[in-house]
Amino acid sequence: MDARRVYASGAAGIITFMFLSSFTPSPDAAMAERMLAALIPRGRDVVVLAIGSDRVTGDSLGPIVGHMLALRGAEVYGDLRSPVTALNVMEVYELIRKRHPSAFVIAVDSAVGADADVGKIKVLPRGLRPAAVSGKKFPRVGGASVIGVVSPERLGAKGLSGVRLGDVLPLAGAVSACITNALRMSAEGVGNRSSVTG
């Protein structure tokens, strides 16, 4: 399947998939990986901005993904040792822009959503607004984003503290695999766009 076609196949360019386990990747997961690879402009370095707090289980998706990706050699800001939270996200994003001025940034964060979306991962062809569930009004960060829906929206930010680590870890593994595979495909030239900001 042509990667540009994949990019346009989701509602508003969004691909949603559920990853059941590391042994049973879904066809939608492969499509999401191709979409993410297609979003990465040819010849640009990639930096992952993994957002979240390791002190709130439902918000720990970003730091866990950051940790997993760093172990695989990716350029990552935000992990279990140095989380990027609402307190420092804009400062860290500016630091990334200074240190890696031509890099394409993939933002990763946990999210709340519809009850039916809990446990799903979404790849979006745009950045994300950090701490939106807490009512913060930050500008978008990143040129693309990957979010894991960890709690129902109806519970708001308070619902994040009731999320089980056993629910977050499989999502983190799936997000990490999605990004790792997309980076590999991008390096191989699978469907890269020629230019984009991010």
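As a reminder, the structure under discussion sits directly above these lines.
Residues numbered from 1 in each chain as written. Predicted model: local features only at pLDDT ≥ 70, side-chain atom pairs only at ≥ 80, totals over all residues. Heavy atoms only, no water.

Here we come to the pattern of salt bridges. This structure, assessed with the given rule, holds four salt bridges. Among the ionic pairs, arginine 154 bridges to aspartate 115, the shortest N-O distance being 3.1 Å. Note that arginine 154 is positioned in the loop between β6 (144-152) and α5 (165-187) and aspartate 115 in the loop between β4 (104-113) and β5 (121-124), a separation of 39 residues in sequence. Among the residues examined, arginine 154 registers a relative accessible area of 62% and is labelled exposed. Given a relative accessible area of 47%, aspartate 115 falls into the partly exposed group. (Salt bridge = Lys/Arg side-chain N within 4 Å of Asp/Glu carboxyl O. Helix = DSSP H or I, 4+ residues; strand = E, 2+ residues; numbered from the N terminus. Buried < 20%, exposed > 50% of the residue type's maximum accessible area, 1.4 Å probe, protein only.)

For helix α3 (residues 61-71), every residue scored as buried is listed here: Leu61, Gly62, Pro63, Ile64, Val65, Gly66 and Leu69. As for α3, its buried residues are in contact with β2 (46-50), β3 (76-77), β4, β6 and α5. Within two residues after α3, glycine 73 carries a phi angle of roughly 90 degrees, on the positive side. (Contact = heavy atoms within 4.5 Å.)

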